[in-house]
Amino acid sequence: MVSIPQTETASSSGRVRYQIIAMIFAVTVINYADRAIVSIVGAPLSKDLDISPVALGYIFSAFSWSYVAAQIPGGWLLDRYGSKQVYAWSILLWSVFTFTQGWVGFFSGGAAIVWLFVFRFLMGIAESPSFPGNARIVAAWFPTAERGKASAIFNAAQYFAPVLFAPLVSWITQSFGWRYSFFVMGIIGAIMWVLWGRLMHGPREHPAISDAEITHLERGGALMQMDGAEASGRHRPFAWRDLRQLLGSRMLLGVYIAQHCINVITYFFLTWFPLYLIKDRGLSILNAGLVASLPALCGFIGGVLGGVISDALYRRTGSLTLARKLPIIGGMLLSMTIIICNYVSSPTLVVVVMAIAFFGKGVGSLGWAVVSDTSPKEIGGLSGGLFNMFGNTAGITTPIIIGYMIQHTGSFNGALVFVGINAFVAMAAYLFLVGDIRRVELRKA
């Protein structure tokens, strides 16, 4: 007989953990909005600076080169110094580098392009601890039966960011110029940095948490230590054997491959999608910003719904494998519908199909829940960093591959097929590589 996990109701256990996930969600919205600004302002920016599609693809990818390279160091820093402190520096620095991207408009020719690449490269380093930090905080603050929903909420911020900020950035760009979009977002990020320092605490240190909520977290499998090494007074050194063990797990390797493919969909949306609407579908920059927010809204709804479905399946069956895999596989099937846009002429129908595809991608975006479920307790930051490194290699390859496709064919048709194929590969990885989802136990030296 399957043992069904029992949980207390939110009202009986307290609600401080929901304030924590709201804070993570808000920070992650800013995180993704800052990543996506350059794509929203891409048309006027490329015109002002005389940037070709291939060069623009490299600029889009600049963030991901450093973001990927810094994942393992960023994860180690989280394990070494704690999520609150490292994350705070991350927010401050990425906000500074967002602001400085606006200054490239005061340079000319190649210098402007070089500085834009440099500032986006530095922003990638600054943002590197963010998602591993999210996973660590969720693992500390949420019991297993609520972790899918919590992870889906912060991951769904990537869709809510365009819903909230694409219209705002489009309006600022059209009214004042693209430079001011970077200035405004940098200032918003600095405000968020102040709020983070005041409101973020670990479960045992939070001044408002009740004894009932602490008991609920402990009984439900929450790790409780958001800043594990810092809280215990011990600092775990980096060890290559830890990295080898993570890479030697077939389950984790399948998760890493799938995340790369899922992020191909993400980075198409963050980089080329607004330009697809402007250049291939003839929309103005303001209309493109508004239209882009509609599929993003569907992705946000799908992301939250995927987490709710996953946790409901876990409570009903007691099987993490079924609870995580079923929404991911179903979501990737829906994401493959993006290819249909090649056979649709009506802009309205294109938006509908894109909305369906991004809804599916949202439902299937449970990778960070899987990381929280599977990471060894001692190296949660390193494990999350490795997962995010693999996933965000898509941020390097996707903009460049699509840039070459557009320059050589003059069409986005191949790009949409490329995105759809990656959704299929992600589904296949979870079906045939991942196997049972379980926590990896770290072997002793």
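Higher on the page you've got the structure.
Numbering of residues starts from 1 in every chain and runs along the sequence as written. Local features are withheld for residues below a pLDDT of 70 in this predicted model, meaning they are given only at 70 or higher, and side-chain atom pairs are given and counted only at 80 or more; totals for whole chains, interfaces and linings count all residues. Processing note: side-chain calculations cover all non-hydrogen atoms of the structure and skip hydrogens and water entirely.

### Regarding the overall build of the protein chain
Filter applied, for reference: Secondary structure is summarised from DSSP: a helix means a run of H or I of at least four residues, a strand means a run of E of at least two, and numbering begins at the N terminus for each. We compute the radius of gyration from the C-alpha atoms alone; for a globule the expected value is 2.2 Å times N to the 0.38, where N is the number of residues. For every residue, the accessible area obtained with a 1.4 Å probe (protein chains only) is divided by the maximum for its type, and the residue is called buried under 20%, exposed over 50%, and partly exposed between those limits. Contacts were defined at the residue level, with two residues in contact if any of their heavy atoms lie within 4.5 Å. Per-residue accessibility takes into account occlusion by the displayed protein chains alone, with areas from the Shrake-Rupley method and a 1.4 Å probe. When charges are counted, Lys and Arg are positive and Asp and Glu negative, with His and the chain ends excluded. The location of each charge is read from NZ of Lys, CZ of Arg, CG of Asp or CD of Glu.
Broken down by element type, the protein chain carries 22 helices and zero strands. Taken over C-alpha atoms, the radius of gyration comes to 21 Å for the protein chain, in line with the 22 Å a tight globule of 445 residues would show. Over its C-alpha atoms, taken along the principal directions, the protein chain stretches across nearly 60 × 45 × 40 Å. Taken over 445 residues, the protein chain has a buried fraction of 60%. For the protein chain, the proportion of contacts with a sequence separation of at least 24, taken over those separated by at least 6, is 85%. Approximately 17,000 Å² of the protein chain is accessible, and the part contributed by carbon and sulfur atoms is 66%. If the 31 positive side-chain charges of the protein chain are averaged to one point and the 20 negative ones to another, these points end up 4 Å apart.

### Observations regarding the environment of Asn 388
Formally: Definition of a polar contact: a pair of N or O atoms within 3.5 Å, with one able to donate and the other able to accept a hydrogen when the atoms are protein atoms, and with sequence-neighbouring residues admitted only if both atoms are side-chain atoms.
Within the fold, Asn 388 resides in helix α20 (residues 380-392). Judged by relative accessible area, which is 3%, Asn 388 ranks as buried. In the structure, Asn 388 is positioned 257 residues away from Phe 131 in sequence and 7.3 Å away in space, judged by C-alpha atoms. Once residues within four sequence positions are removed from consideration, Asn 388 is found in contact with Tyr 67, Gln 71, Phe 131, Pro 132 and Trp 368. At a separation of 2.8 Å, a polar atom in the side chain of Asn 388 contacts the side chain of Asn 392.

### Here we look at the environment of Phe 131
Within the secondary structure, Phe 131 is located in helix α8 (residues 130-141). Given a relative accessible area of 3%, Phe 131 falls into the buried group. In this structure Phe 131 touches Thr 28, Tyr 32, Arg 35, Tyr 67, Phe 154, Asn 155, Trp 368 and Asn 388, once residues within four positions along its chain are discounted.

### Concerning the pattern of salt bridges
Quick reminder of the rule: Every case where a carboxyl oxygen of Asp or Glu lies within 4 Å of a side-chain nitrogen of Lys or Arg is listed as a salt bridge.
The tally for this structure, following the rule as stated, stands at seven salt bridges. Close ionic contact of Arg 17 with Glu 146 constitutes a salt bridge, the shortest N to O distance being 2.8 Å. Placement of Arg 17 in helix α2 (residues 16-40) and of Glu 146 in helix α9 (residues 144-155) is noted, with a sequence separation of 129 residues between them. One salt bridge in this structure joins Arg 324 and Asp 311, with 3.5 Å as the shortest N-O distance. Of this pair, Arg 324 sits in helix α17 (residues 320-335) while Asp 311 is found in helix α16 (residues 285-317), placing the two residues 13 residues apart along the sequence. What makes Arg 324 buried here is its relative accessible area of 0%. Each of Arg 147, Asp 311, Arg 324 and Asp 373 takes part in one network of salt bridges that share partners.

### As for the packing of aromatic side chains
Applicable threshold: Planes of paired rings set the category: under 30 degrees apart is stacked, over 60 is edge-to-face and the rest tilted, where pairs are Phe, Tyr or Trp rings (Trp by its six-membered ring) whose centres lie within 6.5 Å. Note on geometry: a ring has a charge over it if NZ (lysine) or CZ (arginine) is within 6 Å of the ring centre and within 35 degrees of the ring normal.
Summed over the entire model, instances satisfying the criterion amount to 28 aromatic pairs. With a centroid separation of 5.3 Å and 85 degrees between ring planes, the pair formed by Phe 60 and Trp 272 is classed as edge-to-face. With Phe 60 in helix α4 (residues 53-69) and Trp 272 in helix α15 (residues 250-280), this pair connects stretches of sequence that are 212 residues apart. Summarising the burial analysis for this pair, Phe 60 and Trp 272 share the class buried. Through successive ring pairs, a cluster of aromatic residues spans Phe 60, Phe 268, Phe 269, Trp 272, Phe 273, Tyr 276, Phe 358 and Phe 412. A cation over an aromatic ring shows up here: Arg 35 above the ring of Tyr 32, its NZ or CZ 4.2 Å from the ring centre.

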